[in-house]
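Reading the structure
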Amino acid sequence: KVIEGGVVQDELILNWLDMLCFLLSGAPASGTPAAEIGFMFDDWYKPNARLEYPKGGSGAIVDALVRGLKKFEGELELNAHVEEIL
């Protein structure tokens, strides 16, 4: 283990790694595979790399999907039984 009881002992670095993993994968460092961490960090620290977020946060993605559904006269039902997917 590199994180949590492993090679990295400094609390600041552990918290930093945990935050970066959460920002990049949505999971804490303990729940993020080492290969994924390496791949993400390699990309993130390249020149001119950026960490992007949707304007309005993740809720904006849901709002856009609902707008698209309504635009094409779709209907969104929550907690509904599905008989068939076309």
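Before reading on, note that the structure itself is shown above.
Scope of this entry: the structure provided in the associated data block. Model, not experiment: these values are computed from the prediction. The residue count restarts for each chain, going from 1 along the sequence in the order it is written. Under the rules for a predicted model, residues below a pLDDT of 70 receive no local features and side-chain atom pairs below 80 are neither given nor counted, while totals for whole chains, interfaces and linings still include all residues. Note that the side-chain values use all heavy atoms of the structure and ignore hydrogens as well as water.

**Some thoughts on the pattern of salt bridges**
Within this document, salt bridges are pairs made up of a side-chain nitrogen of Lys or Arg and a carboxyl oxygen of Asp or Glu, the two lying within 4 Å of each other. Evaluated as defined, the whole model comprises two salt bridges. Here lysine 46 and aspartate 42 are joined by a salt bridge, their closest N and O atoms 3.7 Å apart. In this structure lysine 46 comes out as partly exposed when scored by relative accessible area, which is 42%. Buried means the residue's accessible area, taken with a 1.4 Å probe over protein chains only, is under 20% of the maximum for its type, while exposed means over 50%, and partly exposed covers the values in between. Overall, the relative accessible area of 45% leaves aspartate 42 in the partly exposed class. Between lysine 46 and aspartate 43 there is a salt bridge, with its nearest N and O atoms 3.3 Å apart.

**A closer look at helix H3 (residues 58-71)**
Because an α-helix packs 3.6 residues into every turn, residues spaced three or four apart end up facing the same way. Put simply, DSSP H or I for four residues or longer makes a helix, DSSP E for two residues or longer makes a strand, and each gets a number counted from the N terminus. Here the expected span of a helix is defined as 1.5 Å times the quantity of residues minus one. In this model H3 runs 20 Å from its N-terminal to its C-terminal C-alpha over 14 residues, within 8% of the 20 Å that 1.5 Å per residue would give. Immediately downstream of H3, the backbone of glutamate 73 shows phi near 60°, a positive value.

**Regarding unusual backbone geometry**
Despite not being glycine, glutamate 73 shows a phi value in the positive range, around 60°. Structurally, glutamate 73 can be placed in the segment after H3. With phi around 55°, asparagine 79 is a residue other than glycine that occupies positive phi space. Among the structural elements, asparagine 79 can be located in the segment after H3.

**A short note on a nonpolar patch on the surface**
What makes a patch is a set of residues exposed beyond 30% relative accessible area and free of salt bridges, joined within 9 Å when like-charged and within 5 Å when nonpolar (Val, Leu, Ile, Met, Phe, Trp, Tyr). For the accessible areas, the method is Shrake-Rupley and the probe is 1.4 Å, while residue cover comes only from the protein chains on display. Together, Ile13, Trp16, Met19, Leu23, Tyr45 and Tyr53 make up an exposed nonpolar region whose accessible area comes to about 600 Å². Relative to the helices and strands, methionine 19 is located in helix H1 (residues 11-25). Note on methionine 19: relative accessible area 42%, which makes it partly exposed.

**Points about the environment of aspartate 10**
Within the secondary structure, aspartate 10 sits in the segment before H1. Judged by relative accessible area, which is 43%, aspartate 10 ranks as partly exposed. Taking the C-alpha atoms as reference points, aspartate 10 and lysine 55, 45 residues apart in sequence, are found 34 Å from one another. In protein, a polar contact requires one atom able to donate a hydrogen and another able to accept it; more generally it is a pair of N or O atoms within 3.5 Å, and residues adjacent in sequence count only if both atoms are side-chain atoms. A polar contact of 2.9 Å, which involves the side chain of aspartate 10, links it to the backbone nitrogen of leucine 12. Engagement of the side chain of aspartate 10 in a polar contact is seen with the backbone nitrogen of isoleucine 13, the distance being 3.0 Å.

In short, shape yes, function no, at least from these values alone.
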